Each structure stands twice: as C-alpha cells, then as structure tokens.
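Listed here are the chains, written in short residue letters.
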Amino acid sequence: MSAALAVPALTEPRAARKLSSTETVLDNGLRVIAVRKPGIPIVEVRLRLPFLSAKAKHPAQAMVLAEALLTGAAGRDRSELAAAIQGLGGDLHASVDADRLVVSGNVLATNLRKLLNVVGDLVTEPSYAAADVETERDRLVEKLTIMRARPSVVAAEALATRMWGDHPYAVDLAQPQDVAAVTPGQLKALHKAMVRPGAGVLVLVGDLPPGRMIAAAEAALAGWTGAAPRPRVPALPAAPGGPLLIVHRRGSVQSSFRFGGAALTRTDPDYPALQLANLVFGGYFTSRWTENLREDKGYTYGPHSRIDHHALGSSLTLSVEVATPVTAPSYLETLYELGRLATLPVTETEVASVQQYAIGSLALSTATQAGLASTLSALSAFGLGLDWVTGHPARLLAVSVDQIAEAAARFFAPTAFTSVVVGDADAIAAPLAALGAVER
Amino acid sequence: MPVKLPAPSFELTHHRLDNGLRVLVAPDRSAPVVGIAVLYDVGFRSEPEGRTGFAHLFEHLMFQGSVNLEKLAHFRYVESSGGSFNGSTHFDYTNYFEALPSNALERGLFLEADRMRGPRITEENLANQLEVVKNEIRVNVMNAPYGGFPWIYLPSVLFDSFANSHNGYGGFEDLESATTDDAKDFFKRYYAPGNAVLAIGGDVDVDDALELVEKHFGAIKKRSVPKRPNFGEPALDGERRATHDDPHAPLPAVAVGYRVPDPVNQLDDVLAAVLLTEVLTDGDASRLQRRLVQRDHLVTDVSAYLGEFGDPFDERDPTALTISAHYPDQSALDRILTAVDEELDRVATDGLDKGELDRVRTRVVSVSLRELDAVMNRTLELAKFELLHGRGELLEELPARFAEVGEDAVRAAAAALQPDRRAVLELIAGGGAEQ
C-alpha cells in the first residue's frame, strides 16, 4: 500500500465582481431596486407587499386572492393574460404568507417593459370574475386537502399553533370552510385595502442597465396609487416550551419532529454567531445532528435546522423525520446534541468550517439572477440590501468561539424549544414518555 | 418566419484521457465559482434482477470514504471549502457533483478522482447507508401522499422488460440482500474511467483545468467499459390499465403514459413532443388547463411532460410522455380520459391557433436559459448531453432546433398519442379525513 495522497490546499480566492445597482422610490411610494447581473438575457421580477393582518378571515381571503390574481385584468381574461405572458418568454405567479404577498416572475430581458405593464394591469385593474374566483376557491380547498395529508404540513401546523397560540402567525394555511366562504367582493375589497405601492418593494435583477430597468418600472407602475396599509397586529408572544406534543397520524412509518424556538434578527450584533451555531448544530451536512443521526445511526435521511426571519421576529426550527421504531432514540440523541452545544464549547475546526460554508453558500445562492433577486427581495422587507450581502462575510469571520458558545447557550438549550412530533402515537408515545414529559 | 430566440454559448473544450475519461470544460469568469460534475453511464436500468434499487444504494456508498479519504471526509472537505455537493441516480446514469468557490477547484477534482480510484466499501458503511436509503424511501414514498407517483409505478405498466419496468428506488427485501461483494462488482463493472464524463464549468482557465485533470485522474487505471444493451421496446398495441393503492392520498390521481420516439436518434420528434406537452399544460392558456381545470372543473391540476422525472433529455430509449392529474371525484376518470383524447385529437386534426406555437417555444427556450444561469446546473446539463447524446454542444443548439419544429410535427406528435397506445395508472386514494 502506497502512502496516502494529500488533499490539495485551497488556492488564493478570487473576489466577486462588484455589481452595479440603483435604488429609487417612485412618487407612489414604491421602492424599486435594480441590479445588473451579467449572464443570461433574462430579468427576474419580485414585487413584495406587506400583507400582515390580524383579521380572522384574512388568511383564507389572502390565499384565494393569490390564486385568483392572475385570472384576469384590464379587460383580458385569464387565458389571454397567460398567453401574453408566455409570448414574452415570461412567467408570473403570486404567493402569500402571514407577512407578505409576492408577485414573482421572470422574462426575456428585451420584454421587461411589457411584462411590467402586465404587472401594472394586475395591481390596478384586477378582474376577480365570479366564475374564476369560484374555480380557484374550489381548487384551493382540494389543494389544502392534499397539503394536509403530508406529515410535514401536519407537523408545521401543530408547531405553529403551539408556538403562537392565537397570534396570526399560528395560521399558515387557511381552513377549507373559510376558503369556501370567500366572495369576489371580499377579494376586491382586500385588494383595494392592501395591494398598494406605499410600503411595497420591487426588485429587478438582470443583464440590463439599472437605469433602464427603473425607467421601465416607473412607466408601468406610476398609475398605481395607495398609501401603505397600517394593520394592527399584536406582538409575537414568547414560545411557551412545555411537554413534547404527540400528534397521531394513522399509518405513519416515520415520526416527524419539529422543535421551534426564538432566534435573532439579521441586524442583531449577535446574529452572525447564532447563524454559525445553527450550522454547527444542524444547518449543513457536516453538522453534529446529521453526522450523529444519519451518518452514525442511520435513523433518518436527513435532519435540518434553520433560522426564519418574519416581519415580527425571527425563529429557529429543527426538523427531522425518523423511522418509527427509532423515534425515542432519535429524540434522545437530539436532546444530547442540543445539550452538548448549549453547555460545551465548539471547536476551532468547526468554527472555521461553518464560517467558510456560510460565506460560500451566500456566494452561491446570490450567483444567479433568480437567487440574487429572491435574496434582495427578502432582505428588502427589513430595510437591508446588497450592502448586507457584501458585508456579511466579514461579520461571519469576526465571530469567536466564545460568541458562538454564548449564542448556543441562549438559543440551543433543550429547554428553550417548543416541540411536537407527528407519527404513530400508539407505537411512539410510551418510549418517548420514558425520556421526558409528553402530551397527546 | 420562426421567432428569433436567444441561445446560450459555452466555449466548450473537449479532451479525452488515456484511460478513456471524457472531459469537458466550459469556462465562465463572471463569478468566482466552479461546478464539477462526474457522470457514470449506469442507472436503474442496469441493475440486476433481485437487486432493485442497487444503483441508488451504490451512489450512497460513493460518499462513504475513498482510497485516501476516511468516512465523512468528502462532506467535510467540500463544505469547509465553502461548497455544496450531491449525487443522484437516474434511469440511464448517475451523477456526482460539487459547486465550489473557484479556489477549491483542485480540491474538488481530487475528491472526485479519489472515489473514481475506489470507494471504501465496508460492512459498516453498507449497513449504515442501507438504513439511510430506507429512510429516504420512507420519507419520499411510503409516508408521503402520492409518494413516487407516478415515476416508480407507471413504468411497470408501460414497459415490459425488467430493466425498464422495475422500481428504481428498490424494494426493501432487495436492498437488504445487497452485499459488499455486489458493491465491489458493480464498481468494477460500471465505474471505469472510460464509462464516465467529467465536466468543469465556471471560473477556470481551460489549460490549467486540463492540467489538473491530468494530474489527478490521469493515473487511474484504464478498465474495460461494458457495452450498453439496447433497452428499446416497441409501441403498445392495446391500452393497458392498472391501479395503485396509496394509503395517504386524500384525492385520486391518474397518470397516462405513452412510449415516445428514441430521444437520442430521433431528437426532432422528441422536440415536437416537448412542444406538444407545453401546448397541453403549460400555464393558464394551455389546452388541458383550459379544458379540464377552467371549463369542465374535472381536475385540481394537470401536467404533461417527457422523461420520467420531467426532463425530456434525461433518458435514452425508451422514455415516456406522461399526462398526470389529481382530481376530486373518483368517478370522473373516464370523463377526464375522454377530454384528453378530444383535446389531443383537436391538436392533431385542427392544428394550433395563430401564435400558439411561437409563444410556447419562446417560453420553453426562456425556461431552459434560466435553468442554465447557475454554474452547477449548466455543468450538469453539459455533462448529461455529452454522456447521453455524445455532444455537449447540443445544449447550445436546442433553441435553434426548437425554432425549426413546425406545426405539422406537433400535430403528428399529438396524433401518435392514441388510446390504444397508452398505459393508464389510476391512483386509489386511501387517505382522506384521517388523524
């Protein structure tokens, strides 16, 4: 056997090119951010509008609105609209969650102006024709039925309810009976009240001069008016913790764990340390949780932990699906890894690895027009932009082992989490109860 | 006069090492990232009987350490360099890939070369990855509504030979009977350098990259390359029907499969079929969305696509055109099939509306351009076209080839989808209001 070959060292890194970017606020209050990203002849479009509301019927109405928005505008029916968008080499769709409505799409760069004209039609002259609303309402009820058959959706809903109580954030998906009751009149009223440019942000990323993209947006959207809605929404409650909630799902061959906790916003000085602590725990393949549960024990295809940033605060979510017979052992190992991270220091090797991974994955995720547009759109909701992206590597590299330990002690202690598991309750409840308090 | 469509350009350089490894380099210095992809010419179809799922299980073993690397080292080297990695098993090939900052190019090439020299196949690694794969199947198939539908189940109705019709994820009994000797034999037979394509894309100098390829892959010994059997099957001569029970699905679903022409040797026919699928189900202006969703309210959603995973260029002969739908009323199946037949017949008999073909192909080209923006996707696509079609350049030529497809060809593609040539797989929903 010959001597082992050495793994080659890294060479000198090459710096990314600086991107040219322009930002402006139109007279109607809409912020427009345009970035030239050389590459393919496409422009990515993200229109983000705040959509937070505490009204009980809001989630159902918002979901139907997102489904029905593209079913007609300015005298064109849904098929004519779709044909026009397709002929531009374009695509548009709307999505909604508790925080925002996003109209996103892309188009051949030469047709940007025409696609933005369609967006202008959608926001100023939507149809919400009765027949189309009815079709989309019925389809949404069916789609919700399909979604709720997935264990991941059952688990997410159980965790949200337990974490947020009666706060609007507790409702991710509307109930079918509420969806079925939505009327075209309600959609028109909601559109008028909330589809407004006042607090909206339009992000355009593509291989065009930023000035030209902004001019196209201004020409297409200048006629859209309306001040930002000012919804009254209660502050986010603290997650309650408590016993592990067991939710029964008939015939489950796996158990889906979700652990939820608080996290820091991106602008908090301790955020980079928390981001790195999360990677060490379960945020990438080399993480402790993955190496233990998957690569050592074979209990799962893959655990994952992540930080989500909502308008009212950030949260930490740990997710894993494990085979039913090893549900309790997986819980034990998870508590062990959480406790170990919260009470013992991480190693220098781990810190160097997560720093490079965080920097590299940010570079990769913003290396495409679509990735950069989505990132900038998400950041825009918090008043952050391209500067945050380019400045973040330095913040990550400045984090010390001690700072990660502090963040871990605060956010990764097993007692800091609110937890649920969805699975075959008859098989998993007793072994889980041996490890700690459970509730059915 | 066909519409003018933008086309990508990749400045491809080809090279072949003495051991037979085919190399493709596509430089793009616009961002400091590289993509490395190695594709081996073996997939589900080459699994031996009694070893369903083995190609995929073996893919997992290729991440478990190699001649010079301990278990876990591959993941750690890639991620601590700022990169990401993955692998996937397909009907006709298996890929392994990394996206990395460009200063990790040589490291990435070493990692791929080292597992081409040989993976560490041990009882412990096999037992561990057997459990991981079973959990992958549980999460994606057994515990999920519509899991594996229709890609796992439709081939068993549409095709006859074991190679084409078996479950590529594999049955647990077959997976559990796999041995380390099976794995060693599989590696020896299918993972020869001459049975692989290496593609490098992104922030590289071509000469430097080829020098590094020679340095790390050049010493890997040449081995014999297996001759690929012809897996083709003739068109069906009668309709086939089957059912699939899904205990978690709340609504019924259907997948209708048709055998289509050889995607490599009859590419133009396949491009016409691709445009047909877009005419049928891409967006709210498409024929089946209008008919089945908007007018008749028969289905929740419907999609038509080529290739078992929705990529028309991912397989050699044979491959399938699939029309799939979820629908709320179980008794509606025959009405759905009748409507599909009527719409296909309308395309075949009356042709397309004015402007319909041009808008559809404009969108097809724009979608494919967009998918090539990420260096990793671009590198994987180039490697795939090089391996399956023998020419990476085809990726650059596709927009022009799509522009040449005439209405007659799309009508002919529709006319070929006759009821007596289809396989209909009905999903029986056993879920519903459970909890």
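As the structure is a computational prediction, the values presented were derived from the model and not from experiment.

Draft legend 1. Representation of the overall build of chain B in the model. Along the backbone of chain B there are 16 helices and eleven strands. Since a compact globule built from 435 residues should have a radius of gyration of about 22 Å, the 23 Å found for chain B is in line with a globular shape. The principal-axis extent of the C-alpha atoms belonging to chain B is close to 60 × 55 × 40 Å. Relative to all contacts within chain B whose residues are 6 or more apart in sequence, the contacts with residues 24 or more apart total 82%.

Draft legend 2. Seen up close, the overall build of chain A. Along chain A, the regular secondary structure elements total 16 helices and 14 strands. In terms of C-alpha radius of gyration, chain A reaches 24 Å, essentially the compact-globule figure of 22 Å for 440 residues. Projected onto its principal axes, the C-alpha positions of chain A cover 65 × 55 × 45 Å. Each of the 440 residues in chain A was classed as buried or not, and the buried ones make up 50%. In chain A, 80% of the contacts between residues at least 6 apart in sequence involve partners at least 24 apart.

Draft legend 3. Molecular detail of the interface of chain B and chain A. Across the contact, 66 residues belong to chain B and 67 residues belong to chain A. Elements supplying a minimum of two residues to the side of chain B that touches chain A: α2 (73-80), β5 (94-101), α3 (105-117), α4 (123-142), α11 (287-295) and α13 (356-371) of chain B. Looking at the side of chain B that touches chain A, its residues break down into 28 nonpolar, 23 polar and 15 charged.

Draft legend 4. Quick peek at the domain arrangement of chain A. Residue and element names in this part refer to chain A. When its domains are assigned, chain A resolves into domain 1 (20-221) and domain 2 (244-439). A straight line from the C-alpha centre of domain 1 to that of domain 2 covers 29 Å. Tallying the contact residues gives 31 residues for domain 1 and 23 residues for domain 2. Listed by contribution, the elements that provide at least two residues to the side of domain 1 that touches domain 2 are β1 (20-25), β2 (31-36), β3 (42-50), β7 (100-108), α5 (151-164) and β8 (201-206). It is α5 that contributes the most residues to the side of domain 1 that touches domain 2, nine residues altogether.

Draft legend 5. Fine view of helix α3 (residues 112-124) of chain A. Residues and elements named next belong to chain A. Counted at 1.5 Å a residue, the expected span for α3 with its 13 residues is 18 Å, and the 18 Å between its end C-alpha atoms agrees. For α3, the complete set of buried residues consists of Leu 112, Leu 115, Leu 116, Val 118, Val 119, Asp 121, Leu 122 and Val 123. Buried residues in α3 make contact with β3, β4 (72-73), α2 (78-87), β6 (91-96), β7 and α8 (210-221).

Draft legend 6. Local environment of the packing of α3(B) against helix α9 (residues 206-217) of chain B. Residues and elements named next belong to chain B. Close contact between α3 and α9 brings their axes to 9 Å; oriented N to C, the two are set at 35°. In this structure, α3 meets α9 at a crossing whose hand is right-handed. In this structure, α3 uses Leu 105, Glu 106, Leu 109, Phe 110, Ala 113 and Met 116 to contact α9, whose residues at the interface are Leu 212, Val 213, His 216 and Phe 217. Split by residue class, the contact of α3 with α9 holds eight nonpolar, one polar and one charged.

Draft legend 7. View of the sheet that holds strand β8 (residues 253-259) of chain B. Residues and elements named next belong to chain B. Read across the open sheet, the five strands follow the order β7-β11-β8-β10-β9; overall the sheet is mixed. In this open sheet, the two strands that pair with only one neighbour each are β7 (240-246) and β9 (301-306). Across the sheet, the mean angle separating the axes of adjacent strands is 15° when strand polarity is ignored. As paired strands, β8 and strand β10 (residues 320-326) are joined by seven bridges and run antiparallel to one another. Bridge pairing in β10 links Ala 253 to His 326. Strands β9 and β10 of the sheet are contacted by α11, whose axis makes an angle of about 155° with β9.

Draft legend 8. How the structure looks around the sheet that holds strand β9 (residues 244-248) of chain A. All names here are of chain A. Read across the sheet, six strands follow the order β11-β12-β10-β13-β9-β14 without closing on themselves; strand pairing throughout is mixed. The outermost strands of the open sheet, each flanked by one partner alone, are β11 (304-310) and β14 (438-439). Relative to β14, β9 is paired through two bridges, and the arrangement is parallel. The partner of Leu 245 across the bridge, within β14, is Glu 439.

Draft legend 9. Local environment of the domain arrangement of chain B. Along its sequence, chain B is organised into domain 1 (13-217) and domain 2 (240-429). If you look at the interface, domain 1 of chain B gives 36 residues, while domain 2 of chain B gives 35 residues.

Draft legend 10. Main features of unusual backbone geometry. At the junction of Phe149(B) and Pro150(B), the peptide bond is cis and its omega measures out at 0° in the coordinates. For Pro150(B), the position within the fold is in the loop between α4 and α5 (154-158). Here Asp317(B) and Pro318(B) are connected by a cis peptide whose omega angle stands at 0°. Relative to the helices and strands, Pro318(B) resides in the loop between β9 and β10. Even without being a glycine, Ala74(A) presents a positive backbone phi close to 50°. Structurally, Ala74(A) can be placed in the loop between β4 and β5 (76-77). With 14 C-beta atoms counted inside 10 Å, the residue Ala74(A) sits in the partly exposed group. Positive phi values are uncommon outside glycine, yet Leu72(B) reaches one of about 80°. Looking at the secondary structure, you find Leu72(B) in the loop between α1 (54-61) and α2.

Draft legend 11. Representation of the pairing of β10(B) in the model. Residue and element names in this part refer to chain B. Most of β10 is tucked away: seven of the seven residues are buried. Bridge count for β9 against β10 is six bridges, and the pairing is antiparallel. The residue of β10 that forms the bridge with Leu 306 is Leu 321.

The rules behind these values
Residues numbered from 1 in each chain as written. Chains lettered and ligands numbered in written order. Predicted model: local features only at pLDDT ≥ 70, side-chain atom pairs only at ≥ 80, totals over all residues. Helix = DSSP H or I, 4+ residues; strand = E, 2+ residues; numbered from the N terminus. Rg over C-alpha atoms; globule rule 2.2 N^0.38 Å. Contact = placed C-beta atoms within 7 Å. Buried ≥ 20, exposed ≤ 12 C-beta atoms within 10 Å, placed from the backbone. Nonpolar A, V, L, I, M, F, W, Y, C, P; charged D, E, K, R; others polar. Domains from an automatic or database assignment. Expected span 1.5 Å × (residues − 1). Axes fitted to C-alpha atoms, helices over the stretch in contact; angles between N-to-C directions. Left-handed = near helix turned anticlockwise from the far one by under 90°. Pairing = 2+ DSSP bridges.

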